[in-house]
Structures are given as structure tokens and as C-alpha cells.
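Summary of structural features
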Amino acid sequence: MTKKPKQNTEFNDLYKVAASLYELKKQARALGMFTDDRELLECPQCGLKEDVTGHGILITYKGDAIGIDTGLRFPEPDDDGVSCCPGCGGKVVGEWL
């Protein structure tokens with residue numbers, strides 16, 4: 001007779017924590033927060049740049065207007081890691097972690 005292996009409670013606990021973190025990141029993104037899963041983007045054509053406020057909110061600005069949010073947001077990248085600039089439509093390649 002073969003014994004049934006015991007469930008690995010540590011693995012189950014770790015899975016629950018990971019699932020909770022995933023949900024928290026989704027909620028943070030929905031609130032406009034930067035979740036640190038990629039580098040901040042900058043468009044080489046028009047100079048639109050991303051930044052993060054002291055409260056963790058992702059913003060974009062142009063030129064010397066640091067901290068003044070344009071309200072524009074770079075969309076999620078395609079399969080090749082390329083996003084489209086919301087300001088000029090140019091291609092923006094970033095490191096997506």
C-alpha cells in the first residue's frame with residue numbers, strides 16, 4: 001500500500017501570498033500607481049517622460065515641467081516590448097520586467 005504524500009503547507013502558504021501580491025499589484029495599477037515591473041519610459045521623438053510622485057503615482061511630463069502631469073499614459077507593450085507614445089504616436093522601447 002502506497003502512502004499518500006502530505007500536502008506541502010509551506011508551498012500552499014507561499015502560493016496564497018503570491019496570489020495576494022498579484023491582486024494588490026492589479027489594484028495599484030488601476031489606481032495609477034507605479035508597480036516597479038518595468039523601467040520608466042521616455043519617448044525619443046517628442047520627449048514625453050514618465051516619473052513617479054512621492055506617493056507612488058505614475059505621471060508623465062514634457063521638458064522642464066517636472067512634476068506637472070500631462071495626463072497621458074503609455075499603453076502596455078506589445079509582444080516585442082514596444083509601446084506607443086501617447087503624445088506623438090512614436091515607438092518607445094523599454095525594459096519590461
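Calculation notes
Residues numbered from 1 in each chain as written. Predicted model: local features only at pLDDT ≥ 70, side-chain atom pairs only at ≥ 80, totals over all residues. Heavy atoms only, no water. Helix = DSSP H or I, 4+ residues; strand = E, 2+ residues; numbered from the N terminus. Rg over C-alpha atoms; globule rule 2.2 N^0.38 Å. Buried < 20%, exposed > 50% of the residue type's maximum accessible area, 1.4 Å probe, protein only. Contact = heavy atoms within 4.5 Å. Areas by Shrake-Rupley, 256 points an atom, 1.4 Å probe, with all protein chains shown as cover. Lys, Arg positive; Asp, Glu negative; His and termini not counted. Charge placed at Lys NZ, Arg CZ, Asp CG, Glu CD. Patch = residues over 30% accessible without salt bridge, like charges linked within 9 Å, V, L, I, M, F, W, Y side chains within 5 Å. Salt bridge = Lys/Arg side-chain N within 4 Å of Asp/Glu carboxyl O. Pairing = 2+ DSSP bridges.

Take the overall build of the protein next. A tally of helices and strands in the protein yields 1 helix and 4 strands. Counting from the amino terminus, the protein carries its helices and strands in the arrangement α-β-β-β-β. Here the C-alpha radius of gyration of the protein, 19 Å, is well above what a compact globule of 97 residues would show, namely 13 Å. The proportion of buried residues among the 97 residues of the protein is 21%. Counted over contacts in the protein with a minimum sequence separation of 6, partners at least 24 positions apart contribute 31%. Carbon together with sulfur atoms contributes 55% to the accessible area of the protein, which is approximately 7500 Å² in total. The protein carries 12 positive and 16 negative side-chain charges, and their two centres are separated by 10 Å.

On the surface, Val 17, Leu 21 and Leu 24 cluster together into a nonpolar patch covering about 280 Å² of accessible area. Tracing the backbone through its elements, the reader meets Leu 21 in helix H1 (residues 9–30).

Moving on: the side chain of Glu 50. Secondary-structure assignment places Glu 50 in strand E1 (residues 49–52). Taking the relative accessible area as the measure of exposure, Glu 50 reaches 5% and is therefore buried. Once residues lying within four places of it in the same chain are set aside, the contact partners of Glu 50 are Arg 38, Glu 39, Leu 40, Leu 41, Leu 58, Ile 59, Thr 60, Tyr 61 and Phe 74.

Attention now moves to the pairing of strand E2 (residues 58–61). Burial of the side chains of E2 extends over both faces: Leu 58 and Thr 60 are buried on one face and Ile 59 and Tyr 61 on the other. Alignment of E1 against E2, held across 4 bridges, turns out to be antiparallel. Paired with Asp 51 across the bridge in E2 is Ile 59. Between the end of E1 and the start of E2, which pair antiparallel, lie 5 residues, with Gly 56 showing a positive phi angle near 85°.

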